[in-house]
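Commentary on secondary and tertiary structure
Each chain, letter by letter, is given below.
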Amino acid sequence: MNGTILEVIRYTLTLLFGIFVSSLFLDIKINKKNILIITSFFFIDLALQAIFYFSKNISSVISLYPLITHLPLFLFFVIIFKKRIFSTIIAITSAYLCCQISNWTSIFVSSFIDGIEDSVYSLTLFFSFCLIARFVYLPISQLLKKQSSELLSFGIIPIFYYIFDYVSTVYTQLLYIGNKITVEFTPFLLCICYFIFCTVYFKQYEEKQHIETNNKLMYMKQTQVEKEMTLMEENEKKIVLIRHDMRHFLNNILNDLENNQSEHAIDYIHTLFDSLDQTVRKQYCLNDTVNMIIASYENRIQEGNIDFHYQLTVPKKLAISDIDLTSILSNALENALKAVLLLEDYRFIQLTIEEKCGKLLISIENNYLNEPIFVDGIPISKEKNHGFGSQSIVYTVDKLNGNCQFSVSNHHFILRIVI
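Residues numbered from 1 in each chain as written. Predicted model: local features only at pLDDT ≥ 70, side-chain atom pairs only at ≥ 80, totals over all residues. Heavy atoms only, no water.

**A closer look at helix 13 (residues 388–399)**
In this model helix 13 runs 16 Å from its N-terminal to its C-terminal C-alpha over 12 residues, within 8% of the 16 Å that 1.5 Å per residue would give. Of the residues flanking the end of helix 13, it is asparagine 401, one or two places downstream, whose phi is positive at about 60°. (Helix = DSSP H or I, 4+ residues; strand = E, 2+ residues; numbered from the N terminus. Expected span 1.5 Å × (residues − 1).)

Set out below in structure tokens:
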């Protein structure tokens, strides 16, 4: 009799656990209204289970569980709470998977102490719910809001485990009799899940890289526009002053010429040229994106007293996208700047970009203080959250089917890229 009561408590708590954990995973707000609705469903389904339990036996309840509990719960979430079908399936099967914690714990403990399996199961169920409510449900509920295509790698394990568990332990005894196909299915499933997860994760990584580079490009464009507007305002003031003083300039030059002071007149003209040159926007090459990227580093180069040399033979249009060009060139310049700014005396950066035979050639050379460390031909950093620039360059160049080479020579760090 006591065993029967504990058994009823066990399966009642299991139902309650599954319903509320599924609700948490689906991010259903736990307020008075929703608690009332969910609790009402719990009692209705509990009554349905009781009918089968008292008319037949517990085995019937277990075998019919997908039809009398999981299917109604699925329809309940989709119809009443308007949840997405695939997200609901993952939430319910994930909650089912969470019951395995209590199941294994009770089996493990009862192997040492007889007669307490149901008690241990119920107690573990309570602690599992507390841990899930405190640490687990939030990240899972946020994951289940993603697009269905992105949910595949997260849903395959709970869904296939659900199917596997019922087929191998409830409707048959294949797992317990050691059927080879059944036993080997678990590592097979793990293998498939691993490859799917890697594929989806890499796709998301690519998208993240694209977004970050695009944001960097947009920021550079915005910064450059602001700099150009400020420069235009300053140049306008200079031009007004030069125009106002032009009569005086010409009179001074005329007086010098009339007095045979040609050298003084020439110096005066050069001074005037210098003033006019200061009102001209600096153009490094024909390509706007390359100009913008280099211009975004102008202030840091000047403030760092860096001897910056460049040789740019770049057409207005390039075969590679602005996003990829920004990813490569901005990371390369950033790495070079970080290296030379550690030096206390002479700082040097040489940038060469040219297009030959349909290939874009990029070369950056700089001196450095600390000898770079290479792993598989790629420089790495010992500092936390550093060293990703070189990896990003390699990734982008590989994606474009190009080649890049990092090397050192005569205490100069050299990066050469062919795309």
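**Structural notes on the side chain of serine 110**
Tracing the backbone through its elements, the reader meets serine 110 in helix 5 (residues 85–110). The exposure class of serine 110 is buried, given its relative accessible area of 16%. (Buried < 20%, exposed > 50% of the residue type's maximum accessible area, 1.4 Å probe, protein only.)

**Remarks on the packing of helix 4 (residues 65–80) against helix 5**
At a minimum axis distance of 10 Å, the contact between helix 4 and helix 5 shows a crossing angle of 135°. Here helix 4 is positioned oblique relative to helix 5, judged by the angle of their axes. Taken as a pair, helix 4 and helix 5 cross one another with a handedness that is right-handed. Residues His70, Leu73, Phe74, Phe77 and Val78 of helix 4 form the contact with helix 5, whose participating residues are Ile85, Thr88, Ile89, Ile92 and Tyr96. In terms of residue class, the contact of helix 4 with helix 5 is built from eight nonpolar, two polar and no charged. (Axes fitted to C-alpha atoms, helices over the stretch in contact; angles between N-to-C directions. Parallel < 35°, antiparallel > 145°, perpendicular 65-115°, else oblique. Left-handed = near helix turned anticlockwise from the far one by under 90°. Contact = heavy atoms within 4.5 Å. Nonpolar A, V, L, I, M, F, W, Y, C, P; charged D, E, K, R; others polar.)

**Concerning unusual backbone geometry**
For aspartate 376, which is not glycine, the phi dihedral falls at a positive 55°. Unlike most non-glycine residues, asparagine 410 shows phi in positive territory, near 55°.

**Some words on the packing of aromatic side chains**
Evaluation of the coordinates by the stated rule reveals 20 aromatic pairs. Between the aromatic rings of phenylalanine 126 and phenylalanine 127, the centroid separation amounts to 5.6 Å while the plane-to-plane angle is 70°, which identifies the pairing as edge-to-face. A network of ring pairs unites the aromatic residues Tyr96, Tyr161, Tyr162, Tyr166 and Tyr171 as a single cluster. Note that arginine 10 overlies the ring of tyrosine 121, its terminal NZ or CZ placed 3.8 Å from the centroid. (Phe/Tyr/Trp six-rings, centres within 6.5 Å; stacked < 30°, edge-to-face > 60°. Lys NZ or Arg CZ within 6 Å of the ring centre and 35° of its normal.)

**A closer look at the environment of cysteine 193**
Along the chain, cysteine 193 falls in helix 8 (residues 180–258). C-alpha of cysteine 193 to C-alpha of leucine 152: the two residues are 41 residues apart in sequence and 9.2 Å apart in space. Ignoring sequence-local partners within four residues, the contact set of cysteine 193 consists of Ile156 and Ile157.

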